[in-house]
2 protein chains.
Amino acid sequence: MRYARIPDQTIRRLPLYLRALFLMAEQGQTEVSSKDLSEHVGVHAWQVRKDFSFFGEFGRPGVGYQVSWLTDQIKTILRLDSEKKAVLVGVGNLGAAVLSFSGFNKYNLTIIAAFDADVNKIGQTVGGVEIRDVACLDSVGELNATLAVITVPGQVAQAVVDPLVNVGIRGILNFTSCRLIVPDQIRVTNIDIGMDLASLPYYI
Amino acid sequence: MRYARIPDQTIRRLPLYLRALFLMAEQGQTEVSSKDLSEHVGVHAWQVRKDFSFFGEFGRPGVGYQVSWLTDQIKTILRLDSEKKAVLVGVGNLGAAVLSFSGFNKYNLTIIAAFDADVNKIGQTVGGVEIRDVACLDSVGELNATLAVITVPGQVAQAVVDPLVNVGIRGILNFTSCRLIVPDQIRVTNIDIGMDLASLPYYI
DNA sequence: GAAAGTTTGTGAATGTGAACACAAGTGCAA
DNA sequence: TTGCACTTGTGTTCACATTCACAAACTTTC
Ligand SMILES: NC(=O)c1ccc[n+]([C@@H]2O[C@H](COP(=O)([O-])OP(=O)(O)OC[C@H]3O[C@@H](n4cnc5c(N)ncnc54)[C@H](O)[C@@H]3O)[C@@H](O)[C@H]2O)c1
Ligand SMILES: NC(=O)c1ccc[n+]([C@@H]2O[C@H](COP(=O)([O-])OP(=O)(O)OC[C@H]3O[C@@H](n4cnc5c(N)ncnc54)[C@H](O)[C@@H]3O)[C@@H](O)[C@H]2O)c1
């Protein structure tokens, strides 16, 4: 199985395992069983083992997995072993909240720059990041950022994404409720809070 | 097919169709084909038709779907035909952003109350909603709210969720990176911005 | 009103991931 | 050394979702 295609769903679960492992490491735990891990994440134990089996043999029967080594493995798989730089465009309510959030660090993710069109905001600092003029979006190229967070109004989302793609952004986290048109090799993840809230009544 | 079990993935797509239909209605469009709709949402045309086929016959061959009627149908399926009330707990950076957001209205969703533990915030108004003392969380029962948005620090998330479940909340939108333990009949949707950002490097 | 052009609705085929069951590896106690 | 309790890794089975292909329904055109 080791060299087969990796299921998308498996990739989606890896960050969750990582989150749980960080928690365990903080509490001084050095070894963990698939059962342990599964309870933290909310899946079944065999799901955890199956997921790992796509990449190799990570654990020892009768013992479990070594927390630190497993953490490193998952980090490597997810390409979180080296620092990844991100920029944020649109420092409104939501953008400011994301900028102020410090929880990205342990995943080796850093927001190195923020952009806005509002002249009153340009020059100010939020979450330790200075807000620049969106007209200077081209400067992202020199910063070597590969990720972008889009928190502008939907109407201008596509307009800010196009130049970002041109200067080397490869992955986009899109908070607007507009579908972004990008080249095939660019990855877009959409977070639409409205959609998620609107889905809930169906299930209740 | 009409009375079979509805695939989860179909339900997940319905709000996206709804979002596109609102846009079309705004632009004065009265009829729409599955092809049209599919391009707005980013799926294939037959996926759209298949999804609708689980609920009945919504369109007319050779013509398409009537925008207003289709909108009503989806609203009904998603239980968005009557107003649903939500409360928000934790008016920090993220909570304030959600409170200030006005895009929930068209889905018949209203945030009617907000709660925080910070005495400096209690009594203030954000996004037209007055912040109340989290110690009075029990009062949610009288408000007839069925939904809750959780934007408190992860450590206290479970502590605020437990009383919410007791006073009748049925659906929860959880922004913390902690798994919430709730009774089976309560629906929890997790939005973890850190996880979504951490997944991107794998794909780039 | 017949023919050509659209578009829907859906059974069947295909693909993918979840769930299971169990053999095999490990540690420990007697 | 043996037996027992525990845990991993994975081939297989099963359930669900996507994809396809096409008949049937409708409109438009001439
Ligand atoms: N806040 C929420 O809870 C929420 C929920 C769902 C979706 N969203 C979406 O997230 C996005 C941001 O929401 P928000 O509440 O922060 O809105 P906001 O209005 O507070 O922030 C938008 C920011 O973008 C800036 N901006 C406008 N045009 C720009 C441009 N061309 N280039 C750069 N910056 C520009 C504005 O100056 C402002 O600072 C919106 O698309 C919104 O629909 C927000
Ligand atoms: N901001 C982001 O971009 C982001 C990203 C990922 C996850 N999150 C998560 O979202 C949550 C909120 O993030 P934030 O950035 O708004 O944090 P924040 O610290 O700005 O806000 C937390 C709010 O909760 C309130 N609070 C604390 N204890 C409370 C209690 N017992 N009852 C009610 N209210 C209480 C605080 O007074 C504060 O207003 C956190 O769990 C965070 O991990 C945020």
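Below is a short write-up of the structure. (Residues numbered from 1 in each chain as written. Chains lettered and ligands numbered in written order. Predicted model: local features only at pLDDT ≥ 70, side-chain atom pairs only at ≥ 80, totals over all residues. Heavy atoms only, no water.)

So, about the interface of chain B and chain A. Facing 48 residues of chain B, the contacting portion of chain A comprises 48 residues. Linking chain B with chain A are two salt bridges, by the criterion used here. Salt-bridge contacts for Asp192 of chain B lead to Arg19 of chain A; the nearest nitrogen and oxygen are separated by 2.5 Å. Taken together, the links from chain B to chain A amount to ten residue pairs in polar contact (both at pLDDT 80 or more). Put simply, the parts of the chain that give the side of chain B that touches chain A at least two residues each are α1 (8-26), α2 (34-41), α5 (93-100), β7 (147-150), β8 (171-174), β9 (187-190) and α8 (193-203) of chain B. (Contact = heavy atoms within 4.5 Å. Salt bridge = Lys/Arg side-chain N within 4 Å of Asp/Glu carboxyl O. Polar contact = N/O pair within 3.5 Å; in protein donor to acceptor, adjacent residues only side chain to side chain. Helix = DSSP H or I, 4+ residues; strand = E, 2+ residues; numbered from the N terminus.)

For the rest of this paragraph, the subject is the site of ligand 1. Of all residues adjacent to ligand 1, which total 23 residues, the nearest are Asn93, Leu94, Asp116, Lys121 and Val152 of chain A. More than a single chain frames ligand 1: its nearby residues are located in chains A and B. A distance of 2.8 Å is found between an oxygen atom of ligand 1 and a backbone nitrogen or oxygen belonging to Leu94 of chain A. In this structure, an oxygen atom belonging to ligand 1 sits 2.5 Å away from a side-chain N or O atom of Asp116 of chain A. Here ligand 1 has 830 Å² of accessible area as a free molecule, and 81% of this is covered by the chains. (Near = heavy atom within 4 Å. Areas by Shrake-Rupley, 256 points an atom, 1.4 Å probe, with all protein chains shown as cover.)

It is worth spelling out the site of ligand 2 at this point. Looking at ligand 2, there are 23 residues lining it, with Asn93, Leu94, Asp116, Lys121 and Val152 of chain B nearest. In this structure ligand 2 sits where residues from chains A and B come together. Between ligand 2 and Ala97 of chain A there is a distance of 3.0 Å, counted from a nitrogen atom to a backbone nitrogen or oxygen. Within the backbone of Asn93 of chain B, one N or O atom sits 3.0 Å away from an oxygen atom of ligand 2. Listed by contribution, the elements that provide at least two residues to the shell around ligand 2 are α5 (93-100) of chain A together with α5 and α7 (154-166) of chain B. The leading source of residues in the shell around ligand 2 is α7 of chain B, at three residues. Residue composition of the shell around ligand 2, by class: 14 nonpolar, six polar and three charged. (Nonpolar A, V, L, I, M, F, W, Y, C, P; charged D, E, K, R; others polar.)

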